[in-house]
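So you can see what is in the structure, the chains are spelled out below.
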Amino acid sequence: MFESVFKGINIAEFTIFGLGPVTGKFFSHYGATVVRVESSLRPDPTRMWPPFAKDKPGLNRGTFWAHMNTSKRSVCLNLKHPKSASVTKRLIEWSDIIIENFTPGVAERWGLSYEELKKIKPEIIMIRISNLGHTGPHLTQRGTGSSLQGLAGFTNLTGWSDRDPAFPYGAISDQYPPPLAAASAVAALLYRRRTGEGQYIDLSQLECSIPFLGPHILDYVVNGRISGRMGNRSLCAAPHGAYRCKGDDRWCAIAVFTEEEWGNFCKALGNPPWTMEPRFREFRQRKENEDELDKLVEEWTLQKDAEEVMTQMQAAGVAAGVVENPKDMLSDPQLIHRNHFPKVNHPEIGSYVARNDAFRFSRTQSYIKRAPCLGEDNEIIYKGHLGISEEEYVNLILEGVLE
Amino acid sequence: MLSTYRVLDLSDEKGTVCGQILAQLGADVTKIEPPGGSPERLKGPFVGDINHPERSLFWLAYNRGKKSITLHLESAEGKEIFKRLVLNADIVVESFQPGYLDSIGLGYPALREINPGVVVVSISPFGQTGPYRNFKGPDITIDALSGYMYLCGDTDRAPVRVSYPLAYGYAGAQGAVGSLIALYDREMTGEGQYVDVSAQEGMAEFTLMAPLFWDILGKINTRSGHFRGGTSRKTREIWSCKDGWVTFGIYGGQLGGRVNRELTMWMDSEGLADEFLKSIDWETLDMATVPQEHISKIEEAIGAFFSRHTMAEIYEGALKRGINLCPIWTPRELLSSVQLEARGFWRQVEHTELGMSITYPGNFVRSSAMPPSDMGERAPSIGKHNDEIYRGKLGLSVSEISHLKEKGII
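Scoring rules and cut-offs
Residues numbered from 1 in each chain as written. Chains lettered and ligands numbered in written order. Predicted model: local features only at pLDDT ≥ 70, side-chain atom pairs only at ≥ 80, totals over all residues. Helix = DSSP H or I, 4+ residues; strand = E, 2+ residues; numbered from the N terminus. Buried ≥ 20, exposed ≤ 12 C-beta atoms within 10 Å, placed from the backbone. Contact = placed C-beta atoms within 7 Å. Nonpolar A, V, L, I, M, F, W, Y, C, P; charged D, E, K, R; others polar. Pairing = 2+ DSSP bridges. Core = buried A, V, L, I, M, F, W, Y, C linked by C-beta atoms within 7 Å. Arc of directions from axis to C-beta. Domains from an automatic or database assignment. Axes fitted to C-alpha atoms, helices over the stretch in contact; angles between N-to-C directions. Parallel < 35°, antiparallel > 145°, perpendicular 65-115°, else oblique. Left-handed = near helix turned anticlockwise from the far one by under 90°. pLDDT = per-residue confidence, 0-100.

Right, let's talk about the overall build of chain A for a bit. Counting secondary structure elements, chain A contains 18 helices and 12 strands. By its C-alpha atoms, chain A is 85 × 50 × 40 Å across when sized along the principal axes. Looking at chain A residue by residue over its 403 residues, the buried ones come to 56%. Taking the intrachain contacts of chain A between residues at least 6 apart in sequence as the baseline, contacts between residues at least 24 apart amount to 67%.

Structure below.
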């Protein structure tokens, strides 16, 4: 049975790109009414990001946008229109939480500062996410996670020690703010339930990311050391890497930490004579002779399918995993078991894969529905939820307020 | 915000970030360590490179604001004590092998009988059920099986992982949201529930649109070195400069028009914008259709400009002009960021036993309902709060406590 955790919780999202929308998804998947407030005059650029169904671009055809906005509603509202204020006011009165992630200053221009929101609804919870926070000399720095991950320190840690950094796919620093913002928002709901008070929460992408490199940073603070790119190597395991397997661009990761695991590893290979050589006897020697070790491991993996290497290693008690490409991901038996990529149907896209969260509840089901088309829910939200009369609704349309 | 809630944190390095986040949101979090200390304390780096359980920087980084008690969970008395603690707990976080807590009689069904409102969160490599549930899952295997590793690295070498473990930190963040959603539900229904977090699923989110390209178009995104990945045009993201690198992406149209024009004007002010660059109408440039050789020409000019400047010069100029660009920083530059300093992000914490003061990253959350950037106490020493909790909260007598100590239970 579908039990709706956030039934009756209303959220208005004044959001763009990824950080705000992915935060809202934690609520829309569990029964809150989450409304993306958009404008057909200035649509979210990610609506026009590929991939598109049949490779044909269109505001409602991009699956990435559709992926980040599952189970939500979409309304159009031209916040620059002088008559939009009365609609915005009713939207705020209706909302429990406002999520906002424009460049600092933008929401203020629309009359959406916390001070203004509080006047309309004192117990409102406002979650703001920006690059560098809502105070400080660089607050208005624009940017995307793909470059901010460089500032946070992730890019310098990606790649090979003998080369320039490699670009970490996507944006690592974009990953952290949504779960942290959602956790903060639920904590704020619990606090409001207890005290009746709302609050203002200011999250910076940079500050949300840095703690995830905590020990790396403390190593510099305390020991003056800056550890750098190591390819796939580890300070406490050898072999530790991605080894080429049979086929085109097929790889399997293998990691051997303990002497027991080394014994298991050698056994899985059938104890070939080289594994008995003194240069590989203990961790210290294996680490010293790692280049040769890696070559010998790869000679073995090259004879096998990546899946076979993984299965054989794991059965022997050695950590290993196929380096899955995007195709593999969709047929990964564990991800299928967890229903990580549920299929949903969309009127313009057709069938596409959405994404489940990284957790499953014993009682509560996640509720994953397709993303809305631009402005699809104007009528139900404005008339049904905000109680705008038919006459006013028609006038708002005619005057261009709901564009 | 969460000051009325109690969390018991049984986790090792796989789940510790979950408890840390709950502590930062104000919850009362108690780490339950085995006698002798948590395995997290064996994780380096160490203060002064001296391997000792009270000198682990991993421990110090991820256990701030938590209390510590020691307890031998597998002993009969240990189980009884744990059950008494669960009576008054709201959330239990654990990251043992799937099935371990059940095998010692402390799994969710047993804890639920003691306290029907308790929320139990398990953080594991692949989840509690399914074909990979017993697979070993250090960071590199999660990076591989989540699909993220395949997308990173140079085209002529193996895929690479980030040279710092990311999977379990992110799983911890997911565990924090999951446990709070369950807690909110508990406040509505009176019933707790079990939350099963998979690090593989968490890390799979890092692949963004890559699986969607396969799903909808049958295209495979691959790793692409210094360039932005994907299957369309190749555009550079990482640029050499005098003393390091900056990261900057050329976007066309609405997203990049103004930025590219600003950059061209800046280059022109130093005589480094060629006629080709100046002739581009950035507002209408469509990166999806522009020929690759045009991109190369643009990149050549921009690259020459960056290589004449330092990271700091480029960053300062970019901030002034509203250009979306970042230097590639290490902890050294982060520690001297004027923005983080102005926000009061870094926190100095005294460590008398180590004879030093350590600068820590501050709280991720700034809330009008909480004191600014309060991190709570430093990470505790082993069993620091045994007395406070066993005597103060559970009402054990001094002799009972010393008896338990003798038996190696606490």
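On to the overall build of chain B. Of regular secondary structure, chain B possesses 17 helices and 12 strands. Considering chain B as a whole, with its 410 residues, one finds that 54% of them fall into the buried category. Long-range contacts, defined here as pairs at least 24 residues apart, represent 67% of the contacts in chain B between residues at least 6 apart.

Take the interface of chain A and chain B next. Facing 125 residues of chain A, the contacting portion of chain B comprises 127 residues. The element contributing the most residues to the side of chain A that touches chain B is helix H8 (residues 177-195) of chain A, with 13 residues. A class-by-class count of the residues in the side of chain A that touches chain B yields 69 nonpolar, 36 polar and 20 charged. Bridge count between strand S6 (residues 199-204) of chain A and strand S12 (residues 366-367) of chain B: 2 bridges; the pairing is antiparallel. Following the sheet pairing, A:Ile201 is matched in S12(B) by B:Ser367.

Soluble globular proteins: nonpolar side chains tend toward being buried together. Counting residues in each nonpolar core, the largest one holds 236 residues, and the members touching the most others are A:Cys252, B:Leu22 and B:Val246. A total of 12 residues in this core trace back to one element, the largest contributor, which is helix H7 (residues 167-189) of chain B. Discounting chain neighbours no more than four positions away, the residues touching A:Cys252 are A:Tyr243, A:Cys245, A:Thr301, A:Ala306, A:Val309, A:Met310, A:Ala320, A:Gly321, A:Val322 and A:Val323.

What follows covers helix H13 (residues 311-321) of chain B. All names here are of chain B. By the burial criterion, the buried members of H13 are Met-311, Ile-314, Tyr-315 and Ala-318. Axial view of H13: buried residues confined to an arc of 95°, hence all on one face. At its buried positions, H13 is contacted by strand S7 (238-241), strand S8 (244-247), helix H12 (292-306) and strand S9 (326-327). Positive backbone phi, approximately 70°, marks Gly-322, located one or two places after H13.

Moving on, we get to the domain arrangement of chain B. Looking at the assigned domains, one finds that chain B contains domain 1 (6-205 + 343-406) and domain 2 (238-328). Using only C-alpha atoms to locate each centre, domain 1 of chain B and domain 2 of chain B end up separated by 44 Å.

Turning our attention to the sheet that holds strand S9 (residues 319-322) of chain A. Strands pair in a sheet through their backbones, by hydrogen bonds, and they do so in one of two ways: parallel or antiparallel. Residues and elements named next belong to chain A. Sheet architecture is open: 3 strands sit in the order S7-S8-S9, paired in antiparallel fashion. Looking at strand neighbours, the two that pair on one side only are strand S7 (240-244) and S9, the edges of this open sheet. Across the sheet, the axes of successive neighbouring strands diverge by a mean angle of 20°, strand direction being ignored. The sheet contact formed by S7 and strand S8 (residues 251-255) spans 5 bridges and is antiparallel. By the bridge assignment for S8, Tyr-243 is matched with Cys-252.

Right, let's get into helix H6 (residues 145-152) of chain A. For H6(A), a buried count of 8 out of 8 residues is recorded, marking the element as mostly surrounded by other parts of the structure. Among the residues of H6(A), those classed as buried are A:Gly145, A:Ser146, A:Ser147, A:Leu148, A:Gln149, A:Gly150, A:Leu151 and A:Ala152. Where the residues of H6(A) are buried, they touch helix H7 (172-175) and helix H9 (205-209) of chain A together with S8 and S9 of chain B. A:Gly153, located one to two residues past H6(A), shows a positive phi value of around 110°.

The next subject is unusual backbone geometry. Backbone geometry follows two general trends: most residues other than glycine have a negative phi, and most peptide bonds adopt the trans configuration. Cis rather than trans, the peptide bond between A:Ala238 and A:Pro239 has omega equal to 0°. The phi dihedral of A:Asp55 is positive, around 65°, even though this residue is not glycine. Notably, B:Asp49 is not glycine yet its phi reads approximately 60°, a positive angle. With respect to the helices, strands and loops of the structure, B:Asp49 is situated in the loop between strand S2 (28-33) and helix H2 (57-62). The class for B:Asp49 is exposed, based on 12 C-beta atoms found within 10 Å.

To continue, consider the sheet that holds S9(B). What the 3 strands build is an open sheet, ordered S7-S8-S9 (chain B); its pairing is antiparallel. Only two strands of the sheet have a single partner each, and these edge strands are S7 and S9 of chain B.

What follows covers the pairing of S8(A). Residues and elements named next belong to chain A. Of all 5 residues making up S8, 5 are buried, and the element is well covered by its neighbours. Of the two faces of S8, the one carrying Trp-251, Ala-253 and Ala-255 and the one carrying Cys-252 and Ile-254 are both buried. Counting the residues in the hairpin turn of S7 and S8 gives 6 residues, including Gly-247, whose phi is positive at 105°. With 4 bridges connecting them, S8 and S9 associate as antiparallel partners. From the neighbouring strand, Cys-252 faces S9, where its bridge partner is Val-322.

Structurally, chain A comprises domain 1 (10-212 + 338-398) and domain 2 (240-331). Taken over C-alpha atoms, the centre of domain 1 of chain A sits 42 Å from the centre of domain 2 of chain A.

Relative to the assigned elements, B:Leu180 resides in helix H7. Along the backbone, B:Leu180 and B:Leu22 are 158 residues apart, and their C-alpha atoms lie at a distance of 8.7 Å. Apart from residues lying up to four places away in sequence, B:Leu180 is in contact with A:Ala183, A:Val186 and A:Ala187.

Our next topic: the pairing of S8(B). All names here are of chain B. For S7 and S8, the ladder comprises 4 bridges, and the chain directions are antiparallel. When the sheet's bridge partners are listed, Ser-240 is paired in S8 with Trp-245. The hairpin turn running from S7 into S8, its antiparallel successor, is 2 residues long. Note: S8 against S9, 2 bridges, orientation antiparallel. Paired with Thr-247 across the two strands is Cys-326, which belongs to S9.

It is at 8 Å that the axes of H8(A) and H7(B) come closest, and there the two elements cross at 25°. Relative to H7(B), H8(A) is oriented roughly parallel. In this structure, H8(A) crosses over H7(B), and the sense of that crossing is left-handed. In this structure, H8(A) uses A:Pro179, A:Leu180, A:Ala182, A:Ala183, A:Val186, A:Ala187, A:Leu189, A:Leu190 and A:Arg193 to contact H7(B), whose residues at the interface are B:Ala173, B:Gln174, B:Ala176, B:Val177, B:Leu180, B:Ile181, B:Leu183, B:Tyr184 and B:Glu187.

Here the focus is the confidence of the model for chain B. Detailed reading of the predicted coordinates is not advisable wherever pLDDT is low. Mean pLDDT over chain B stands at 94; residues scoring 70 or higher make up 98%. Under the prediction, the complex receives an ipTM of 0.97, its pTM being 0.97.

Residues and elements named next belong to chain A. For the pair helix H1 (residues 19-28) and H8, the least separation of the axes is 8 Å and the interaxial angle reads 50°. The orientation of H1 relative to H8 falls into the category oblique. Crossing of H1 over H8 shows right-handed handedness. In contact with Leu-19, Val-22, Thr-23 and Phe-26 of H1, H8 contributes Pro-177, Pro-178, Ala-181 and Ala-182. For the contact of H1 with H8, the class distribution of residues is 7 nonpolar, 1 polar and no charged.

With that settled, consider the environment of A:Asn131. All names here are of chain A. By the secondary structure assignment, Asn-131 is in the loop between strand S5 (125-130) and H6. Note on Asn-131: 27 C-beta atoms within 10 Å, which makes it buried. Taking the C-alpha atoms as reference points, Asn-131 and Ser-74, separated by 57 residues in sequence, lie 25 Å from one another. When sequence neighbours within four positions are dropped, the list of residues in contact with Asn-131 reads Gln-141, Gly-143, Leu-148, Ser-204, Gln-205 and Leu-206.

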